[in-house]
Amino acid sequence: MEMNDKRKRQSMILYIIIAVAIALGLQRALFSNMTAASVKQVSYSEFLTMVDDDEVKTVSLNQSTSAITFTTGEEGVTYETTSWPNDDTLIERLEKHDVKFASKIEDSSSQLWLYMLISYGVPLLLIFLGGWFLNRQLRKQMGDDGPTMDFGGGGFGGIGGASKSGAKIVADKDNQTTFHDVAGQDEAKESLAEIVNFLEHPEKYAAIGARCPRGALLVGPPGTGKTLLAKAVAGEAKVPFFQISGSEFVEMFVGRGAARVRDLFKQANEKAPCIVFIDEIDTIGKKRGVSINSNDEREQTLNQLLTEMDGFDNHKGIVVLAATNQPDVLDPALLRPGRFDRRIPVELPDLAGREAILKLHADDVKMEPGVDFAQIARTTPGASGADLANMINEAALRAVRMGRNRVTQTDIEESVDTVIAGEKKKSTVLSEHEKEVVAYHETGHAIVAAVQDGKTPVSKITIVPRTSGALGFTMQAEEDEHYLTTREEYKQRIAVLCGGRAAEELIFGHMSSGAANDIEKATRIARAMVTQLGMSDKFGMVALGEQRNQYLGGGSDLTCSEGTAREVDEEVQRLVEEGHQTALKTLRDNRFKLHEIAHYLQRKETITGEEFMNILSRDDGFAPASVQGGAAQ
């Protein structure tokens, strides 16, 4: 039935195109016929001369306009005079030269009316017929979904598919993704395992009177595997998987989003048990009442989603999963029990998780034996699963470029630098003085980091420019995972960030723009200490700000008076300056090592953490951490 309707729509399109083509052809033919004869204007005296020279063949005398139209036998050319005087000898002269004449010209009003009909009447008729056809198609849908329009579907502009949800449907037999394909998210998998068990054995829950959660909200930063987890749930339970993005619901036409929600759940009921996955649900699930127009398309779509989640029978085995990285903007009605019953964090992987993810993606790549994934995991704190997958892929690409058929440890280490800081920038050539400044800058970071408590030792220092804009960087590797950070550790981080600028001041006596990113990070840490973490002696345990976009790297908004805000700025400035002075003192105490390592780095451009520590601790020029401890306070 659907195929027949589609063919009818396609036939109608063909008929309309043929009718338009015929109309345009007739219009062109008639217009060219009416204008084919070229009309030349001549004076009355010239006309008489042409008569006397026997050039004129026919003459038409228009009594109403007092004009003379005549031909000379020249094909396609007509002559016309201006108004002719009262000349009694004209008729006699025409008869003398055997000129055929008439007292009136042929009436061409019929051709004019035909031209007007084809030029204006036919297009208007076609527009009317097209509007009638559209209206007929819309009326067919009004009983189910209301009048909607879809110019992205099949048939005539998508009419007939306007209310389709557009969800991507993956059949159970086509979905091969399982929990074995997900690494680094053990807690999330455990939370979702119960949903899988319900979909596999619903009778066990029905027997005891328990019901499965209607929905689960996957919350976490981008790239942590939320979509992969949702697909793995369907793969484990061997049920169909409906996937759609929140942005696909909201379109220009009012009511279309609500119609798509209805169609999505209608399909889900037909395919139950199944998984419905809505990615980026914050697009349609934002809190209501914040918009001036409370009846906009987004809110209608949200209201329909709330209704559908209340209305479907979850004993059939329909589970709605949704993903977002902005849970704080979601409407409370969407998060209440009975809709999205569970909130499952999908956080950035820890040290063990990163190692597991690297090994998982390395299984698809030919690797040299003995690759130390644990070392790679230590150098990538804060990396998401997508970042780690990209690192393995970049390592494989590098191995191909280098002419090898297996990926080595060096390939992966270089790929980490590429993902974090960008490709090596070959077009940027630093002068010797700039290279020296960058070398001292990065060595300053490394030395200040080395005299701290040793939890994050230096693993690499380089002064090779990168496409991200960095002229060099110092990489630190975590020895173990820790989840709490003390005030002293935050102060040490600020001091390390100030180490580059402090080295420039100490050696060259001036400041460069190379510390811009360091200053930004140090200021952000100090502000968080004061406004969110209660680590300021001046303000104590008082929250003076609210964090925004937790999973999108957003900052914080102050929630205090203007006077307090000024005092917050002063406290932040004091903490950063304290770290700056700590860095200066550390570098003064290790001034000779600063020179030695910076010169060595300037020659080699890239050195390992082992080389750095060997030079730093080779003789008594290095002040141990126990001696420097007071400087970091």
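Structure shown above.
Residues numbered from 1 in each chain as written. Predicted model: local features only at pLDDT ≥ 70, side-chain atom pairs only at ≥ 80, totals over all residues. Heavy atoms only, no water.

Caption draft 1: Structural view of the nonpolar core. Among the nonpolar cores identified, the biggest contains 44 residues, and L587 and F612 are the most heavily contacted of them. Elements with a contribution of two residues or more to this core: α15 (432-450), β12 (458-462), α16 (487-508), α17 (516-531), α18 (562-589), α19 (591-604) and α20 (609-616). A per-element tally of this core places α16 first, with 9 residues. When sequence neighbours within four positions are dropped, the list of residues in contact with L587 reads G444, I447, V448, G499, A502, A503, L506 and L594. (Core = buried A, V, L, I, M, F, W, Y, C linked by side-chain atoms within 4.5 Å. Buried < 20%, exposed > 50% of the residue type's maximum accessible area, 1.4 Å probe, protein only. Helix = DSSP H or I, 4+ residues; strand = E, 2+ residues; numbered from the N terminus. Contact = heavy atoms within 4.5 Å.)

Caption draft 2: Quick look at α17. Here α17 is 16 residues long and its end C-alpha atoms lie 22 Å apart, about the 22 Å a rise of 1.5 Å per residue gives. Looking at the packing, one finds that the buried side of α17 touches α15, α16, β14 (545-547), β15 (556-558) and α18. (Expected span 1.5 Å × (residues − 1).)

Caption draft 3: A negative patch on the surface, seen in detail. Together, D53, D54, E55 and D98 line one region of the surface with negative charge. Relative to the helices and strands, D53 is located in the loop between α2 (44-52) and β2 (58-62). Accessibility expressed as a relative area gives 48% for D53, which makes it partly exposed. (Patch = residues over 30% accessible without salt bridge, like charges linked within 9 Å, V, L, I, M, F, W, Y side chains within 5 Å. Areas by Shrake-Rupley, 256 points an atom, 1.4 Å probe, with all protein chains shown as cover. Salt bridge = Lys/Arg side-chain N within 4 Å of Asp/Glu carboxyl O. Lys, Arg positive; Asp, Glu negative; His and termini not counted. Charge placed at Lys NZ, Arg CZ, Asp CG, Glu CD.)

Caption draft 4: Structural detail: the packing of aromatic side chains. Evaluation of the coordinates by the stated rule reveals 3 aromatic pairs. For the pair F198 and Y205, a centre-to-centre distance of 5.4 Å together with 70° between the ring planes defines the contact as edge-to-face. Between F241 and F277, the ring centres sit 6.1 Å apart and the planes meet at 20°, which makes this aromatic pair stacked. Here F241 is found in strand β8 (residues 241-245), whereas its partner F277 is found in strand β9 (residues 274-279), with 36 residues between them in sequence. Neither residue differs from the other here; F241 and F277 are each classed as buried. (Phe/Tyr/Trp six-rings, centres within 6.5 Å; stacked < 30°, edge-to-face > 60°.)

Caption draft 5: Expanded view of the sheet that holds strand β6 (residues 168-170). In spatial order, the strands read β6-β8-β9-β10-β7-β11; together these 6 strands make up an open sheet with mixed pairing. On the outer flanks of this sheet lie β6 and β11 (342-345), each paired with one strand and no other. Across the sheet, the mean angle separating the axes of adjacent strands is 20° when strand polarity is ignored. In the sheet, β6 pairs with β8 via 3 bridges, with the strands oriented antiparallel. Its bridge partner being in β8, I169 is matched across the sheet by F242. Each of β7 (215-219), β9, β10 (318-324) and β11 is contacted by helix α5 (residues 186-200), which is oriented at about 135° to β11, the strand it contacts most. Each of β7, β8, β9 and β10 touches helix α7 (residues 226-237); the most contacted strand, β9, lies at about 170° to it. (Pairing = 2+ DSSP bridges. Axes fitted to C-alpha atoms, helices over the stretch in contact; angles between N-to-C directions.)

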